[in-house]
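Chain and residue survey
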Amino acid sequence: MLKKDQISTTLSSATSTAVVEQVTSPFLYGQDIIVGMDYANDSVMTAKIEGSADNSTYSDLFAPGAMDGVGGGDTDIRMVDTSFTVTCPRYIKGTVSAFTSGSVKFWQMGGM
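Residues numbered from 1 in each chain as written. Predicted model: local features only at pLDDT ≥ 70, side-chain atom pairs only at ≥ 80, totals over all residues. Heavy atoms only, no water.

1. Considerations on the overall build of the chain
Regarding its fold elements, the chain presents zero helices and 11 strands. Traced from its N-terminal end to its C-terminal end, the chain shows the element sequence β-β-β-β-β-β-β-β-β-β-β. For the chain, the C-alpha radius of gyration of 14 Å lies close to 13 Å, the compact-globule estimate for 112 residues. By the burial criterion, 37% of the 112 residues in the chain qualify as buried. Of the roughly 5800 Å² of accessible surface on the chain, 50% is carried by carbon and sulfur atoms. Positive and negative side-chain charges in the chain, numbering 7 and 12 respectively, have mean positions lying 7 Å apart. (Helix = DSSP H or I, 4+ residues; strand = E, 2+ residues; numbered from the N terminus. Rg over C-alpha atoms; globule rule 2.2 N^0.38 Å. Buried < 20%, exposed > 50% of the residue type's maximum accessible area, 1.4 Å probe, protein only. Areas by Shrake-Rupley, 256 points an atom, 1.4 Å probe, with all protein chains shown as cover. Lys, Arg positive; Asp, Glu negative; His and termini not counted. Charge placed at Lys NZ, Arg CZ, Asp CG, Glu CD.)

2. With respect to the nonpolar core
Ranked by size, the top nonpolar core spans 19 residues in total, and within it Met37, Tyr39, Ile49, Val104 and Phe106 carry the most contacts. If you list the elements that add at least two residues to this core, you get strand S5 (32-39), strand S6 (44-52), strand S9 (79-87), strand S10 (91-101) and strand S11 (104-111). Ranked by residue count, the leading element in this core is S5, at four residues. (Core = buried A, V, L, I, M, F, W, Y, C linked by side-chain atoms within 4.5 Å.)

3. Things to note about the side chain of Thr95
Its place among the elements puts Thr95 in strand S10. At 2.6 Å, the side chain of Thr95 forms a polar contact with the side chain of Glu50. The residues contacting Thr95, other than those within four sequence positions of it, are Thr15, Ser16, Thr46, Ala47, Lys48, Glu50 and Phe106. (Polar contact = N/O pair within 3.5 Å; in protein donor to acceptor, adjacent residues only side chain to side chain. Contact = heavy atoms within 4.5 Å.)

Below, the structure is given as structure tokens:
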């Protein structure tokens, strides 16, 4: 069975989420997880999920590029980016840059 958790808060500006330390099963550092982002309709931004072993130096875990608001005003469209399996780092956070509009929720999924 898989468990899906949000990584900190939903972002609606160019900033980063609070850092989450990965010490609770099934999100233990060193384990395989899937990460992703759910965008609100008409979001225009660049978002990524970053990881760190020491909570000092961060690198990209998943950086799919710019979201360009392809929802076009349709309220029933949900835009999602999902990674392949990544190795869970000790620390994880979501970051938004080049923000114009919308919001994004960062998530992780792991086995239980």
